[in-house]
Amino acid sequence: MAPNPRRDLLPGTLDMLVLKTLSVQSMHGYAIARQIERLSDDILRIEEGSLYPALQRMRQKGWIKAEWRQSPNNQRARYYTITASGRKQLGVSESGFEELINAIARVMGT
Amino acid sequence: MREWLSRLLDWFRRDKLDAELRDELQFHRHALERDARPDDPVSTRQRMGNTTIAIEQSRERWSIPWLDHLQQDVRHAVRSLRRSPGFSTGVIATLALGIGANAAMFGVVDRLMYRPYPLLRDAAMVNRVYLRWTDRDALRTTYSFEYRRYLDFQEWTSSFDRFAAFFPTNLAIGRGEATREREIAAVSASYFSFFDVRPALGRFFTPDEDVTPKGAQVVILGHGFWQSEYGGRDVIGETLQIGSQPFTIIGVVPKNFTGVTEGKPRAAFIPITTFAGSGSSAEAKRYYTRYNWGWMEMIVRRKDGVSAEQASRDLSTAYVRSWDAERGFFPQLPPSSVAKPYAVAGALKTAAGPDPSLEARTALWVTGVALIVLLIACANVANLFLSRALRRRREVALRLALGVSRARLAAKTLTESLVLALIGCALGVVVAQVGGQVLSRLFLPEWVTFSLLGDTRTLLVAIAAALLAALVTGVVPALLATRADLAVALKAGSREGTYQRSRTRVALLVAQGALSVMLLVGAGLFVRSLNRVRAMRLGFDTDRIILLRHELRGTALGDSESVGLSRQLLQAAQAMPVVEHASFVSSVPFWSTSSTRLYVPGIDSVQRLGRFTYQEASADYFATMGTRILRGRPFGAEDRAGAPRVAVVSEGMARTLWPGKDAIGQCIRVSADTMPCTTVVGVAEDAVQQSLTDPKRFRYYLPIDQTDWSRGYFLLVRTRVAPEDHVEEIRAALQRIMPGQGYVTAWPLDTVIDERRRSWEVGATMFVAFGGLALVVAAIGLYAVIGYNVTQRMHELGVRIALGAQSGDVVRLVISQGMRFALAGTTVGAVLALWAARFVEPLLFQQSARDPIVFVGVALILLLVAAAASTAPALRATRADPNQTLRAE
């Protein structure tokens, strides 16, 4: 059994997390996964089975752009960059997420 | 939307995306392995998660299943079509002809009737005004207006926010040697505001340049004329001689501006009142107060929300009022309660207006014919597909048994016909481009260039025709594919030995035959009607006659000088060795006729018997025209002014006015019943006047010496030899006599007459071409089907031969089958053609649309062709080998 409990993501939150991560700087898929894991203290674990299809979907929606670049240790990697419409989407998801959390909190708090 | 676009783009580069994804996942794995801590209890593989899911789900992002299927189907279709090149070529060629014929005809009809004029603003709100009224029980239509009527409509209607008048005409432009007669347009100042245009140079007319009684001497140049004559330089303020007057150039219209006039691009535009106000006679100067001159055309733009019907009603009310006002000047006009005048806000192009020309109607018919050719082609292709579908029954059954869905199978079949139709379409466009040039020469004025490149409307129609063809040809085999009965088809016993009748295929074959019969009947009718037009005696010979008209162009001549000039021209023409006869006349067949009141002692109202037109001519007229004198004598040089008045009347007129009596010696009074008697001295054969189809040919001839030489507008010259080489020679010789800037124009009379025969010629040509095409296609279809049936029946035929059937019996068996199809097709087609007869009859010339000769002839042709098409398969049938058959049993 893994010592770290693995939490399933709420539906739709993966896109938001990825966009949030990319809003800081461009990254490749592996770095995105690691960053999310690191910031969540390994509670959120991003598997490539869900990450890569999500990246493709967001690319087709025009939220992120993809290009091949050399990574710092000189390997070719595909870097993703957030676009203007991606930032707009991030704003929309963030406020929606906030509403959702508040609503859950109100329910749980009573 | 955007997402789907990028999905589609990704679909096209999906192989590359697959590879990139693999690289990316590899990189991910390497990075995980590199970063893995040896003590990490979670293995790399676990951390990695499910790679297969990653790949599959990512792939879904750039796969579009139906597109994948389509691609597969197209590949499959192309492969299977390449495997049977004969079949494919046949289908593609058939469809290319069908689609090409339709695209070409659409291109022509669209240009003729529907395509909006370029640059016209709110084309849907702009109408041409047509006037209709009843005259002696016949409905008349015109789009020629009096200027006064144009003013009436502006005053008495409320449905329009804009009116414009225009008049396309020819005037001499330039000075001296460079003088040429050009197409110009006289237009109202409002004309240009119907268009979204700015002048290429200068400005358009202002309202105060277009005022009654006479507008300003200003001109706007056509773009082409400006380029060719001035090289496109700044010409504003320069003077240009038009007609007999100098005009100041104030502007140039932009390129592509055609206005709403048919015909060649206009060289120049002048204010319409300037043109109208240039008349010299007192009568001409009253053009805007009286209804004495119907000449110009009129367009209107409806106010927002006003329908064409409302506009027509509004116009009609105004027209009745205007008609009554006109009666104030011309009491002989019937009252509006009798004439029932009404107006129509109709199509801008007269070909689509309320009374389209014979050419336009013929063009529409030929379009219908082209559609029928496409239908026949489709029926043919559908039949070929069906034959193949039957042949492939086992293959299809096998696929179904293996679990391929019926929908996928149907899609495959449809894709195949789609691929064929699209290839056919591409070829069809080539056919249309070539054929369209021929067609446009038949239907469209010479200056219209027919090119399909960049002609989106026609290309779209070609593609629509191809899709239609694909659907029509593909649906039946597709249905058949999905209905295949597995158990029956897979049974070993069900091999090609059983001869299967297919009702669908028989129906298609009969339909093809029937449609071909209809077209061939049409072809036969048009050819016979054309023969009648050609064989009809016009009442004169046109073959060696040249028509000349002289224009004084501003040189002011007194009456006697003017008559002197005409006599001088006549004598000069007569003196030329190549000229046999020459005569000055007041009118030319098909161009103009004159009539005046006629009084005949003993007849109350001559007018009620019909319209009697007259021709004034100098001596030698009958010899020049070749009009035969049946009785009495023609008039000659001795019937000069002061001598007793004489006239020659047409046979029809003589028979109508003096039935049962001799016309010679009778008295007619021309223009007033107080005039002295004009004695009839001769009876001439009937001659056509305005229309080839008008059976009434009441005409009388007066010596111009006894009437008015100044009305001798035209000079007719009969040459001793074919006139082609002498037209210019005679014209130049006469032009040398003209004073000042006067000039002479010449036409062989044949060209005038040929124009009138064109609609029949075109109808005959097109029906024969398309009918022939249909027959060939139908024959190929019959041949293919009979051939296929023979293949199917080889086994049965072998048994028959083994049992002692002679080759003659076998041949008879096969051919009789073909004949049965042909007979059924002929019968159905003949019935349909009889039904359609009444619609086509008005297009024919004195030709019944139920001509038995045509029907019987066509039936014979079809049966003959059917027999020929069945012969080859029949001969093949005799080679059925009984040995092989029995061995296979």
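Treat the numbers as computed from the prediction; the structure is a model and nothing was measured.

Can you walk me through the overall build of chain B in this structure?
Helix and strand counts for chain B come out as 25 helices and 24 strands. Counting across all 889 residues of chain B, residues that qualify as buried make up 41%. Within chain B, counting contacts between residues at least 6 apart in sequence, those at least 24 apart form 83% of the total.

Even after reading the chapter, I still don't get the nonpolar core, so can you show me in this structure?
Where a protein is soluble and globular, its nonpolar side chains tend to be buried together. Residue and element names in this part refer to chain B. Core analysis: the largest hydrophobic core is formed by 163 residues, its most contacted members being L95, I99, V373, L519, V717, F770 and A774. Looking at this core, the element that brings in the most residues is helix 22 (residues 749–802), giving 21 residues. In contact with I99, other than residues within four places in its own chain, are L374, G424, C425, G428, A462, A465, A466 and A469.

Would you mind going over the interface of chain B and chain A with me for this structure?
Many structure descriptions define interface size as the accessible area lost when the parts assemble. Of the residues lining the interface, 23 residues belong to chain B; the matching set on chain A comes to 17 residues. Mapped onto the side of chain B that touches chain A, the elements with two or more residues apiece are helix 1 (2–12), helix 2 (14–35) and helix 4 (51–61) of chain B. Among the elements that make up the side of chain B that touches chain A, the one with the highest residue count is helix 2 of chain B (7 residues). Partitioned by chemical class, the residues of the side of chain B that touches chain A number 9 nonpolar, 7 polar and 7 charged.

Even after reading the chapter, I still don't get helix 10 (residues 308–329) of chain B, so can you show me in this structure?
Side chains three or four residues apart in an α-helix point the same way, a direct result of the helix having 3.6 residues per turn. Residues and elements named next belong to chain B. With 22 residues, helix 10 ought to run about 32 Å at 1.5 Å a step, and its terminal C-alpha atoms sit 31 Å apart, in line with that. Within the span of helix 10, buried status applies to A311, S312, D314, L315, A318, Y319, S322, W323 and E326. Of the surrounding elements, those touching the buried residues of helix 10 are strand 1 (126–135), helix 7 (147–156), strand 4 (160–173), strand 11 (294–302), helix 11 (336–339) and strand 12 (342–346).

Could you clarify how one ought to interpret the environment of B:A345 in this entry?
Residues and elements named next belong to chain B. With respect to the element layout, A345 can be found in strand 12. Residue classification places A345 among the buried residues on the basis of 26 C-beta atoms within 10 Å. Taking C-alpha positions, A345 is 9.5 Å from S316, a pair spaced 29 residues apart along the chain. Leaving out residues up to four positions away in the same chain, A345 has contacts with N127, V129, V300, A308, A311, S312 and L315.

Help me understand the confidence of the model for chain A in this model?
Low pLDDT means the predicted atomic positions in that stretch should not be read closely. For chain A, mean pLDDT is 84; residues scoring 70 or higher make up 89% of the total. Counting contacts from residues 1–5 of chain A, a segment whose pLDDT is below 50, to residues more than four positions away or on other chains yields 5 contacts.

What should I look at first to understand the packing of helix 22 of chain B against helix 24 (residues 852–878) of chain B in this one?
The relative placement of two packed helices comes down to the angle between their axes together with the axis-to-axis distance. All names here are of chain B. Remark: helix 22 packs on helix 24, axes separated minimally by 8 Å, with the N-to-C direction vectors making an angle of 25 degrees. The orientation of helix 22 with respect to helix 24, classified from their angle, is roughly parallel. Once helix 22 is placed against helix 24, the crossing between them reads as right-handed. Residue-level contacts link L775, A779, L782, Y783, I786, G787, V790 and L797 of helix 22 to V865, A866, A869, S870, A872, P873, R876 and A877 of helix 24. Split into classes, the residues belonging to the contact of helix 22 with helix 24 amount to 13 nonpolar, 2 polar and 1 charged.

Sorry, what's going on with the sheet that holds strand 3 (residues 76–82) of chain A here?
The strands that make up a sheet are held in pairs by hydrogen bonds between backbone atoms, and each pair lies either parallel or antiparallel. Residue and element names in this part refer to chain A. Judged by pairing direction, the sheet is antiparallel, and its 3 strands sit side by side in the order 1-3-2 without closing on themselves. Either end of the sheet is taken by a strand with one partner, and the two such strands are strand 1 (27–28) and strand 2 (64–70). Here strand 2 runs beside strand 3; their pairing, made up of 7 bridges, is antiparallel. Within strand 3, the position partnered with E67 by the bridge is Y79. Set on the sheet, helix 1 (residues 13–22) makes contact with strand 1, strand 2 and strand 3; between it and strand 3 the angle comes to about 95 degrees.

Can you walk me through the pairing of strand 3 of chain A in this structure?
Successive side chains on a regular strand alternate, one facing one side of the sheet and the next facing the other. Residues and elements named next belong to chain A. The buried fraction of strand 3 amounts to 5 of the 7 residues, a majority that puts the element mostly inside the structure. Relative to strand 3, strand 1 runs antiparallel, the two sharing 2 bridges. Across the sheet, the residue bridging to M27 is Y80, located in strand 3. Counted between consecutive antiparallel strands, the loop separating strand 2 from strand 3 contains 5 residues, among which N74 sits at a positive phi close to 60 degrees.

Please explain the environment of B:F166 as it appears in this structure.
Residue and element names in this part refer to chain B. Relative to the elements of secondary structure, F166 occurs in strand 4. For the pair F166 and F269, spaced 103 residues apart in the sequence, the C-alpha separation amounts to 9.6 Å. Among all residues touching F166, those that are not within four sequence positions of it are A185, A186, V187, S188, Y191, G259, T261, I272, M296 and E297.

It is not clear to me how unusual backbone geometry should be interpreted in this structure. Could you clarify?
When glycine is set aside, most residues are seen to have a negative phi, and most peptide bonds are trans. Residue and element names in this part refer to chain B. With an omega of 0 degrees, the peptide bond between T212 and P213 qualifies as cis. By the secondary structure assignment, P213 is in the loop between strand 6 (201–202) and strand 7 (218–221). Even without glycine at this site, N256 takes up a positive phi of about 70 degrees. Since 10 C-beta atoms lie within 10 Å of it, N256 is described here as exposed. Not every positive phi belongs to a glycine, and D620 is a case in point at roughly 85 degrees. You can see D620 is positioned in the loop between strand 17 (613–617) and helix 19 (621–625). Of the residues examined, D620 has 21 C-beta atoms within 10 Å and is grouped as buried.

About the cut-offs
Residues numbered from 1 in each chain as written. Chains lettered and ligands numbered in written order. Predicted model: local features only at pLDDT ≥ 70, side-chain atom pairs only at ≥ 80, totals over all residues. Helix = DSSP H or I, 4+ residues; strand = E, 2+ residues; numbered from the N terminus. Buried ≥ 20, exposed ≤ 12 C-beta atoms within 10 Å, placed from the backbone. Contact = placed C-beta atoms within 7 Å. Core = buried A, V, L, I, M, F, W, Y, C linked by C-beta atoms within 7 Å. Nonpolar A, V, L, I, M, F, W, Y, C, P; charged D, E, K, R; others polar. Expected span 1.5 Å × (residues − 1). pLDDT = per-residue confidence, 0-100. Axes fitted to C-alpha atoms, helices over the stretch in contact; angles between N-to-C directions. Parallel < 35°, antiparallel > 145°, perpendicular 65-115°, else oblique. Left-handed = near helix turned anticlockwise from the far one by under 90°. Pairing = 2+ DSSP bridges.

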